[in-house]
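Spelled out, the chains give:
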Amino acid sequence: QPDHSFAHRFTRYLREVALVERRERIVVFVDEIDTTLRLDFTDDFFAAIRFLYQNRAADPNLARLSFVLIGVATPGDLIKDGARTPFNVGQRVELTDFTVDEAEPLTEFLGVPRPLARDLIAWILAWTGGHPYLTLRVVRSLAERPLTNWTRAAVDARISELFFGP
């Protein structure tokens, strides 16, 4: 349907194909939304998402459709055309690095004694700075190949092998 705009084709696909063929909830993840800001159809794309959200009242089937926009951009950045309503639907979720208290429950997957758990997470966060991906990667490695001796030196060696090895 080249005679229709991108936004029209996109919303029709979601309404007439995706929501018809699937009965469960559909969540569309768009990662690195900041890279979309250079595209020539960016305003239309985010306006289409807003259109689908606002039309839930008229079409309850649209309530099964959600979008997760991931990246470094504020809602005000998403629609550049000043003549259009800004992208004003949704909820901003600010992600921060793990603290020791937030990451400590991850030790449940490691089978370490409770008194060691807090020290273990502190040792891991000393390397990862609490970065969620890096922290989870270390914990996963330790869960998949548990250490025979849970010492700081052993954790340091595993992290060094994981990130600085071949």
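Everything numeric here is computed off the predicted structure, so don't read it as measured data.

Asker: How should the packing of helix H6 (residues 114-128) against helix H8 (residues 152-164) be read in this particular structure?
Answerer: Between two packed helices, the angle of one axis relative to the other and the distance separating the axes together describe the packing. Contact geometry of H6 with H8 gives a least axis separation of 10 Å together with a crossing angle of 35 degrees. Relative to H8, H6 is oriented so that their crossing is right-handed. Here Leu-120, Trp-123, Ile-124, Ala-126 and Trp-127 of H6 lie close against H8, whose contacting residues are Arg-152, Val-155, Asp-156, Ile-159 and Phe-164.

Asker: Just to check I follow, could you spell out the pattern of salt bridges for this structure?
Answerer: Opposite charge on two side chains makes pairing possible when the charged atoms of those side chains draw close. Inspection of every chain in the model, using the stated rule, returns 9 salt bridges. Between Arg-145 and Glu-161 there is a salt bridge; the shortest N-O distance is 2.6 Å. Of this pair, Arg-145 sits in the loop between helix H7 (132-144) and H8 while Glu-161 is found in helix H8, placing the two residues 16 residues apart along the sequence. What makes Arg-145 partly exposed here is its relative accessible area of 43%. Here Asp-156 makes a salt bridge to Arg-152, at a shortest N to O gap of 4.0 Å. Linking Asp-156 with Arg-152, this pair stays in helix H8, spanning 4 residues, or about one helical turn. Exposure remark for Asp-156: the relative accessible area of 23% places this residue in the partly exposed category. When its relative accessible area of 40% is taken as the criterion, Arg-152 is described as partly exposed. Each member of the salt-bridge network shares a partner with another, and the members are Asp-101, Glu-104, Arg-114 and Arg-118.

Asker: Just to check I follow, could you spell out helix H1 (residues 6-21) for this structure?
Answerer: A turn of α-helix holds 3.6 residues, and therefore any two residues three or four places apart point the same way. In this model, H1 (16 residues) spans 21 Å end to end at C-alpha, consistent with the 22 Å of a helix rising 1.5 Å per residue. For H1, the full list of buried residues reads Ala-7, Phe-10, Thr-11, Leu-14, Ala-18 and Leu-19.

Asker: Please explain the packing of H1 against helix H3 (residues 42-54) as it appears in this structure.
Answerer: Interaxial distance between H1 and H3 falls to 9 Å at its minimum, and their mutual angle equals 40 degrees. The chirality of how H1 crosses H3 is right-handed. Together, Phe-6, Ala-7, Phe-10, Thr-11, Leu-14 and Arg-15 of H1 and Asp-44, Phe-45, Ala-48, Ile-49, Phe-51 and Leu-52 of H3 make up the contact between the two elements. Residues of the contact of H1 with H3, tallied by class, amount to 9 nonpolar, 1 polar and 2 charged.

What counts and how
Residues numbered from 1 in each chain as written. Predicted model: local features only at pLDDT ≥ 70, side-chain atom pairs only at ≥ 80, totals over all residues. Heavy atoms only, no water. Axes fitted to C-alpha atoms, helices over the stretch in contact; angles between N-to-C directions. Helix = DSSP H or I, 4+ residues; strand = E, 2+ residues; numbered from the N terminus. Left-handed = near helix turned anticlockwise from the far one by under 90°. Contact = heavy atoms within 4.5 Å. Salt bridge = Lys/Arg side-chain N within 4 Å of Asp/Glu carboxyl O. Buried < 20%, exposed > 50% of the residue type's maximum accessible area, 1.4 Å probe, protein only. Expected span 1.5 Å × (residues − 1). Nonpolar A, V, L, I, M, F, W, Y, C, P; charged D, E, K, R; others polar.

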